[in-house]
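Report on the structure
Here is what each chain is made of, one letter per residue.
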Amino acid sequence: MSRIEIGKIDTSEARENLDKLLEENKNYFLHASWGSGKTEFLKSGKKKSRKKLVYLDLWRVKDESTVANTTFRLLYKYNAIIFKILFIICIMISILMTDIVNLGIEKKMLDFGIPSNALSGVILCASLVALFVAVWQFLKIKSDSFYIKMLAICNWTKCSQKVLVVDDFDRVDIAKQIESYKVFNILSGRIPIIFVGDYFKIAKQEDNYSQKIIDRQIELPYVLHPQCIWDSYFDMLQKNFNFKIDDSFKSLFISENRNLREQYHFNDYVNLEFLEKEKLDRVQINQQLLIIYLYLFHKEYYHKLQDEWFPTHNLPKDDKERRKVVGILDNAIFDNEVEKVIDYVLSSNNEYPSDFLRFKQRYYLFEEASNLSLKEIDLILDNTDMLKEEIELHGNYSDDFYRYVSFLFEVNREDNDDKIKESKEKIIKSSFELLKVNKVSLLISLVLDKMFVEYINYRKPEDDDTFLSINFFESHENYDLDISQKIYFFTKVFTRTPYKDIKEYFAEGIENALKENELYESQNKKPYLLNINVLDSNGSWIYPKKWSENVKEKVNDLLDEDFITFWEIYRIIRINYGSCKDNLYTDIKSIVVIHGMYGQEVYREEDKSYKEIIDLFNERLLSIAEKEDWKIYKVVDAKTQKKYI
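Residues numbered from 1 in each chain as written. Predicted model: local features only at pLDDT ≥ 70, side-chain atom pairs only at ≥ 80, totals over all residues. Heavy atoms only, no water.

Let us now look at the overall build of the protein chain. Counting its regular elements, the protein chain contains 31 helices and 9 strands. For the protein chain, the residues scored as buried account for 45% of the 645 residues in total. The contacts of the protein chain with a sequence gap of at least 6 include a subset with a gap of at least 24, amounting to 69%. As displayed, the protein chain offers around 35,800 Å² of accessible surface, 51% of which is attributable to carbon and sulfur atoms. (Helix = DSSP H or I, 4+ residues; strand = E, 2+ residues; numbered from the N terminus. Buried < 20%, exposed > 50% of the residue type's maximum accessible area, 1.4 Å probe, protein only. Contact = heavy atoms within 4.5 Å. Areas by Shrake-Rupley, 256 points an atom, 1.4 Å probe, with all protein chains shown as cover.)

Below, the discussion takes up the pattern of salt bridges. Summed over the entire model, instances satisfying the criterion amount to 31 salt bridges. The salt bridge involving Glu376 is made with Arg282; its shortest N-O contact spans 3.2 Å. Linking Glu376 in helix H18 (residues 374–381) with Arg282 in the loop between helix H13 (260–276) and helix H14 (285–297), this pair joins segments that are 94 residues apart in sequence. Classification of Arg282 by relative accessible area gives buried; the value is 13%. Lys515 is paired through a salt bridge with Glu511; the nearest N and O atoms lie 3.0 Å apart. A residue pair is termed a helical-turn pair when its members lie 3 or 4 positions apart in one helix, as Lys515 and Glu511 do in helix H26 (residues 507–515) at 4 residues. Under the relative-accessibility criterion, Glu511 is labelled partly exposed at 43%. (Salt bridge = Lys/Arg side-chain N within 4 Å of Asp/Glu carboxyl O.)

Turning to the packing of aromatic side chains, a few remarks are in order. For the structure on display, the rule yields 54 aromatic pairs. Judged by centre distance (5.9 Å) and plane angle (85°), the ring pair of Phe249 and Tyr293 falls under edge-to-face. Of this pair, Phe249 sits in helix H12 (residues 247–255) while Tyr293 sits in helix H14, placing them 44 residues apart in sequence. Comparing Phe249 with Tyr293 shows no difference in burial state: the two are buried. (Phe/Tyr/Trp six-rings, centres within 6.5 Å; stacked < 30°, edge-to-face > 60°.)

Another point: helix H3 (residues 67–75). Among the 9 residues that make up H3, 7 are buried, leaving the element largely enclosed by the rest of the structure. Buried within H3 we find Val67, Ala68, Asn69, Thr70, Thr71, Phe72 and Leu75.

Among the nonpolar cores identified, the biggest contains 82 residues, and Phe401, Leu448, Phe473, Phe489, Ile564, Trp567 and Phe617 are the most heavily contacted of them. The leading source of residues in this core is helix H22 (residues 442–456), at 8 residues. Setting aside residues no more than four positions away along its own chain, Phe401 makes contact with Leu372, Ile377, Ile380, Leu381, Leu387, Glu390, Ile391 and Leu443. Counting residues in each nonpolar core, the second largest holds 56 residues, with Val163, Ile194, Leu280 and Val341 among its members. (Core = buried A, V, L, I, M, F, W, Y, C linked by side-chain atoms within 4.5 Å.)

The next subject is the environment of Ile229. Within the element layout of this structure, Ile229 appears in helix H11 (residues 226–241). Residue Ile229 is classed as buried on the basis of its relative accessible area of 2%. Taking the C-alpha atoms as reference points, Ile229 and Gln263, separated by 34 residues in sequence, lie 8.5 Å from one another. Residues contacting Ile229, with those up to four places away along its chain left out, are Ile9, Val223, Leu224, Arg258, Asn259, Leu260 and Gln263.

The subject of this paragraph is the confidence of the model for the protein chain. Confidence in the prediction of the protein chain, expressed as mean pLDDT, is 81, and 76% of residues score 70 or more. When mean pLDDT is taken per element in the protein chain, H14 scores highest with 97 and helix H16 (residues 319–326) scores lowest with 48. Across residues 324–332, where pLDDT falls below 50, the model places 7 contacts with residues more than four positions away in sequence or in other chains. (pLDDT = per-residue confidence, 0-100.)

Across the sheet, which stays open at both edges, the 5 strands sit in the order S2-S3-S4-S1-S5 with parallel pairing between neighbours. This sheet does not close on itself; its edge strands, each paired only once, are strand S2 (52–56) and strand S5 (216–219). Averaged over all neighbouring strand pairs, the angle between strand axes comes to 25°, with direction disregarded. Bridge analysis of S2 against strand S3 (residues 162–166) gives 5 bridges, and the strand direction is parallel. What sits directly across from Tyr55, in S3, is Val165. Strands S2 and S3 of the sheet are contacted by H3, whose axis makes an angle of about 155° with S2. (Pairing = 2+ DSSP bridges. Axes fitted to C-alpha atoms, helices over the stretch in contact; angles between N-to-C directions.)

With that settled, consider helix H21 (residues 418–436). Residues that lie three or four places apart on an α-helix share one face, since the helix turns once every 3.6 residues. A rise of 1.5 Å per residue sets the reference length of H21, with its 19 residues, at 27 Å; its end C-alpha atoms lie 27 Å apart and thus fit the reference within 8%. Listed in full, the buried residues belonging to H21 are Ile420, Ser423, Lys424, Ile427, Ile428, Ser430, Ser431, Phe432, Leu434 and Leu435. (Expected span 1.5 Å × (residues − 1).)

A word on the packing of H21 against helix H24 (residues 483–493). Closest axis-to-axis distance for the H21/H24 pair is 11 Å, and the angle between their directions is 115°. As the angle between them shows, H21 and H24 are arranged roughly perpendicular. Between H21, through Phe432, Leu435 and Lys436, and H24, the contact on the second element is made entirely by Gln485, Phe489 and Val493. Within the contact of H21 with H24, the residues separate by chemical class into 4 nonpolar, 1 polar and 1 charged. (Parallel < 35°, antiparallel > 145°, perpendicular 65-115°, else oblique. Nonpolar A, V, L, I, M, F, W, Y, C, P; charged D, E, K, R; others polar.)

Spelled out as structure tokens, the structure:
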């Protein structure tokens, strides 16, 4: 994206009206505060119809020249140059004629036929002029008398197309202002003069000479006023950045009378942060704009925010409730309007990119923002393989993509635009495709939960959660899972549904899968299918004596990894992993076998079932452990976790 450039404001009509006023040789005072755009205004308009503006910057003059001297040099530039050249020539002649530096010029001039009397007169005049200039410079004479007389006797028809502009007159020290008035008295009526500055600062001075010499006061055109210059600028920002600026923040620029020069400064930092630092789509735009504003115009608040300060208020802590009330707050709650806007704009929210309070550093000026940008997220969404990788590998709370998906599903359905709907559909489809190949993550669980929350917003009074959840996913176009995967889905991924309802709902499918070998072999999550069959409706054990031979045989025929998984979800063994990140079979370090609930000293009848169950898997478990180099422990008292090797 190219830099944001502030367009020129059309003041041509007002400038033409000023040209008409300048036809009269009067003294004008153009009331304009610092940075309000006076220079752009004076330089605007049609060049053919304008007089030449001659700027007298008394505030910037660094030498010791008098006002009369400076004014004369500006208005009669060539005359001043001729005077200076003549002075220099005279000094050079007088020096060359001395005995110390005698180049024989006098003799050569006589050879050319110049009479000696005339030559002596020339030498005398040059010497006198040189002596006069030398004395003038040596004594540092600052008298205005010479230049004032020159200004008084000059032919003013040569300046008829000139306008003297006394810029930043309010910044000139009072002594120099008083000095300048006698010069302007001489020029009055001979040439148009425009004094530029803040009139209220001039008017407050004692012995206000300006009122005596100013004929007319004029104002900058209203289009340069802060009330007018910011709307078009923010419209341009919104169009380029594709966002809506917060009204409360926008009002600060107007209420604090931020002028045109401040607009240029602000825009420069906008380009720096959003484009050069590439923060666009990596930060919330309104919040970043406010941080820039505070840095430029309220640096004390900027530094206070860096010191963990935040405005206090008497509102509820809940963000949604606070936002309902914030529109009717009065200034009594906050120290001033700036703190009120800081509280409103910089508060936490569920949007993406993450807000200022969660990731402050990336919002401070000159800092980097390395999080996923919205453009990068769009690239991920447009690439199915990349999208699946993000969902599977980066589906944790702290990941950018997780926060983006969370924000995406927080948007109310009524507010969803086509892009949001399309993005959600892509994420949902990829999540189900990962489920079909037995891939899960926290992000998948989040997506499913958000889907269901949206769905139950339209529930009927007679519908219960079990009916809604099972029927919702069963009817979903992407929900194409086998029986074992559905059981896994509702018991491990989407856990809103009670266990007994799952067993009851899928009873027929479970029975068919156990009877038909071909159907059973096609199941992707066999341990979950077998486990739900051998547990009762409350999720408790059904003792092995009640197991069918078919089920026992299928459990023993499971692959090693599935065999371990079956007994783990049966809760007769507990697995210790070397890494807690993925809980992979290859990361298993040791297994704890539960031998009893109450311990040997309080042995009860129920503990007999432990021995019967352990007899079903113990031999094979030891064999697998030896092969995989696992350690096996046992717990004889599950209530107190009393463990033995």
